[in-house]
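Working through the structure, step by step
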Amino acid sequence: MRPLKYSINVTLDGCVDHRVGLVDEELHRRSADLLAQADVLLFGRITYLMMEGAWRLPGDPGKPEWTEPFARVIDAMPKVVVSSTLDSVDWNAVLVRSGLEDAVRALKQQPGGTILTGGVTLPTELARLGLIDEYEFVVHPRVVGHGPALLAGLDEPLDLELVGREEYRSGVVAMQYVPKRAVAG
């Protein structure tokens with residue numbers, strides 16, 4: 001079964017607003033490598049529209065040159081977009097309008113490698129359904145005091161086990177977790 005990985009940038013106070021994180025060449029290279037290791041991206045409507053607007057090629061000539069590898073990788077990636085309000089998608093994407101759980105379970109059953117997701121609302125629902133196999137929190141050493149919160153609205157606590165950790169020159173720490181599985185007694 002294909003694993004579903006959730007990766008998100010988050011501040012120390014739990015804010016997942018993409019506009020408040022640290023941006024540098026090392027983190028962009030890391031993000032491009034993460035994308036390149038996945039086979040497909042799973043986005044909700046807001047994340048899809050935001051990423052398409054920012055990274056669809058040809059890109060913004062005003063962006064730093066070091067963002068180009070990320071732009072090339074994300075532009076070419078196949079995408080699955082979950083939305084009940086969009087009528088259509090393009091940018092190498094297919095649209096799932098309903099039946100989230102069944103659609104994601106079917107996607108996980110297909111041959112291939114990692115499914116990567118990001119964003120706020122869709123991952124919260126995927127976590128609620130127990131469909132995420134790995135969580136990656138890219139923690140930025142910043143407190144912003146506002147914005148959308150990480151996995152806000154979960155019904156139950158999500159117990160995780162740390163399986164990896166990487167530190168960057170900027171002070172950002174990427175931590176990988178897997179869900180703790182209940183031990184049969």
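Structural data are supplied above this passage.
Overview of the structure.

Reading the values: the criteria
Residues numbered from 1 in each chain as written. Predicted model: local features only at pLDDT ≥ 70, side-chain atom pairs only at ≥ 80, totals over all residues. Heavy atoms only, no water. Buried < 20%, exposed > 50% of the residue type's maximum accessible area, 1.4 Å probe, protein only. Helix = DSSP H or I, 4+ residues; strand = E, 2+ residues; numbered from the N terminus. Arc of directions from axis to C-beta. Contact = heavy atoms within 4.5 Å. Polar contact = N/O pair within 3.5 Å; in protein donor to acceptor, adjacent residues only side chain to side chain. Axes fitted to C-alpha atoms, helices over the stretch in contact; angles between N-to-C directions. Parallel < 35°, antiparallel > 145°, perpendicular 65-115°, else oblique. Left-handed = near helix turned anticlockwise from the far one by under 90°. Nonpolar A, V, L, I, M, F, W, Y, C, P; charged D, E, K, R; others polar. Pairing = 2+ DSSP bridges. Core = buried A, V, L, I, M, F, W, Y, C linked by side-chain atoms within 4.5 Å.

With that out of the way, let us pick up helix H2 (residues 45-55). Taken together, the buried positions of H2 are Thr-47, Tyr-48, Met-51, Glu-52 and Trp-55. Taken end-on, H2 shows its buried residues confined to a sector of 125°, consistent with a single buried face. Facing away from the buried side of H2 by more than 90 degrees, the exposed set consists of Ile-46 and Gly-53. Contacts from the buried residues of H2 go to helix H1 (25-36), strand E2 (38-44), helix H3 (68-76), strand E3 (79-82) and strand E4 (93-96).

Below, the discussion takes up the side chain of Glu-26. Along the chain, Glu-26 falls in helix H1. Polar side-chain contacts of Glu-26 include one of 3.1 Å to the backbone nitrogen of Arg-169.

On to the packing of H1 against H3, then. In the contact formed by H1 and H3, the axes pass within 8 Å of each other and the chain directions differ by 20°. The orientation of H1 relative to H3 falls into the category roughly parallel. Crossing handedness for the pair H1 and H3: left-handed. Within the contact between the two elements, H1 uses His-28, Ser-31, Ala-32, Leu-35 and Ala-36 and H3 uses Pro-69, Phe-70, Val-73 and Ile-74. Of the residues belonging to the contact of H1 with H3, the class tally is 7 nonpolar, 2 polar and no charged.

Taken together, the 7 bridges between strand E7 (residues 160-167) and strand E8 (residues 173-179) define a ladder with antiparallel strand orientation. Considered in E8, the bridge of Glu-161 is made with Val-178. Hairpin connection between E7 and E8: a loop of 5 residues separates the two successive antiparallel strands, and Gly-171 in this loop has a positive phi of roughly 95°.

Further remarks concern the nonpolar core. If you look at the biggest cluster of nonpolar residues, it comprises 26 residues, and the most contacted ones within it are Leu-4, Leu-42, Leu-126, Tyr-135 and Phe-137. Elements supplying a minimum of two residues to this core: strand E1 (4-11), E2, E3, helix H4 (100-109), helix H5 (121-128), strand E6 (134-140) and E8. Once residues lying within four places of it in the same chain are set aside, the contact partners of Leu-42 are Leu-4, Val-80, Val-82, Val-104, Ile-115, Leu-116, Thr-117, Gly-118, Leu-122 and Leu-126. If you look at the next biggest cluster of nonpolar residues, it comprises 19 residues, including Ala-32, Phe-70, Val-89 and Ala-93.

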